[in-house]
Amino acid sequence: MFSDFDLIDVSEITNEILFEIRYATDRNYFKKRLYENDKCILRYGTAKKLIKANEYLMSFGYKLKVWDAYRPLSVQKLMWDQIKDENFIAPPWRGSIHNRGAAVDVTLVKISGEEVEMPTDFDDFTEKASIYFNDCSVNALFHRELLAEAMTHNGFKRIESEWWHFYDEEYNKYCII
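Since the model is a prediction, treat every value here as computed from it, not as a measurement.

Draft legend 1. Region of the structure containing the overall build of the protein. Summing up its helical and strand segments, the protein has three helices and seven strands in all. Secondary structure of the protein in N-to-C order comes out as β-β-β-α-β-α-β-α-β-β. The C-alpha atoms of the protein give a radius of gyration of 15 Å, which matches the 16 Å a tight globule of 177 residues would have. Taken along the three principal axes of its C-alpha coordinates, the protein extends 40 × 40 × 25 Å. A buried classification covers 53% of the 177 residues belonging to the protein. Carbon and sulfur atoms make up 49% of the accessible area of the protein, which totals about 8,700 Å². Distance between charge centroids for the protein: 3 Å, based on 23 positive and 30 negative side chains.

Below you can see the structure in the form of structure tokens.
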């Protein structure tokens, strides 16, 4: 079927994950559409891990909603031109794990698709987005940590500055494209 290295549209292999690719809309930090389409594109190897994380969450009555996945390097440059802060945007000359098709920005929703409380919305470039920020409701903390547990137990790692960002622990096997 697919090789782990293939870039695929995740909606072609699962209908259990929701997709709201924010950079294909103007509902993002930049207030403009940066992607031509709203497909969730990932390396097949990374997509399989995402599906496993989603299956784990479904056993608790939740599922994933993806906000971002593969990001073209041209978009990485546009973002860097606006936010020159490596805590949030990788410089284009180094590239991002998103540019490898091995990172996702995700949130948690109920099985019905209903939003749940999280510490922030997507693209909140403040201290509230940190995985260590605890000055929020117990529900928001519970949801953030359940999401992290599902992702890290299924082959993803976190970064400190964005609770929603997870990357495939095997990202180095994929080249920047």
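Draft legend 2. The packing of aromatic side chains, seen in detail. Taken as a whole and assessed by the stated rule, the structure comprises 15 aromatic pairs. For the pair Phe 5 and Tyr 174, a centre-to-centre distance of 5.4 Å together with 70° between the ring planes defines the contact as edge-to-face. Of this pair, Phe 5 sits in the segment before strand S1 (7-9) while Tyr 174 sits in the segment after strand S7 (165-168), placing them 169 residues apart in sequence. Exposure remark for Phe 5: the relative accessible area of 43% places this residue in the partly exposed category. By relative accessible area, which is 1% here, Tyr 174 ends up buried. When the centroid spacing of 5.4 Å and the interplanar angle of 85° are considered together, the rings of Trp 80 and Trp 93 count as edge-to-face. One end of the pair, Trp 80, is in helix H2 (residues 73-82); the other, Trp 93, is in the loop between H2 and strand S5 (103-110), with 13 residues separating them in the sequence. Within the aromatic cluster, the residues linked to one another by ring pairs are Tyr 23, Tyr 29, Phe 30, Tyr 35, Trp 67, Phe 88, Phe 122, Phe 125, Trp 163 and Trp 164. The side chain of Lys 173 reaches across the aromatic face of Phe 5, ending 5.7 Å from its centre.

Draft legend 3. Structural view of the sheet that holds S5. Taking strand neighbours across the sheet as the criterion, the five strands line up as S2-S4-S5-S7-S6 in an open arrangement whose pairing is mixed. Since the sheet does not close on itself, it has two edges, and those belong to strand S2 (18-19) and strand S6 (156-158), each with one partner. Direction of pairing for strand S4 (residues 62-68) relative to S5: antiparallel, over a ladder of six bridges. Across the sheet, Val 66 pairs through a bridge with Val 106, a residue of S5. Strands S4, S5, S6 and S7 of the sheet are contacted by helix H1 (residues 44-58), whose axis makes an angle of about 145° with S4.

What counts and how
Residues numbered from 1 in each chain as written. Predicted model: local features only at pLDDT ≥ 70, side-chain atom pairs only at ≥ 80, totals over all residues. Heavy atoms only, no water. Helix = DSSP H or I, 4+ residues; strand = E, 2+ residues; numbered from the N terminus. Rg over C-alpha atoms; globule rule 2.2 N^0.38 Å. Buried < 20%, exposed > 50% of the residue type's maximum accessible area, 1.4 Å probe, protein only. Areas by Shrake-Rupley, 256 points an atom, 1.4 Å probe, with all protein chains shown as cover. Lys, Arg positive; Asp, Glu negative; His and termini not counted. Charge placed at Lys NZ, Arg CZ, Asp CG, Glu CD. Phe/Tyr/Trp six-rings, centres within 6.5 Å; stacked < 30°, edge-to-face > 60°. Lys NZ or Arg CZ within 6 Å of the ring centre and 35° of its normal. Pairing = 2+ DSSP bridges. Contact = heavy atoms within 4.5 Å. Axes fitted to C-alpha atoms, helices over the stretch in contact; angles between N-to-C directions.

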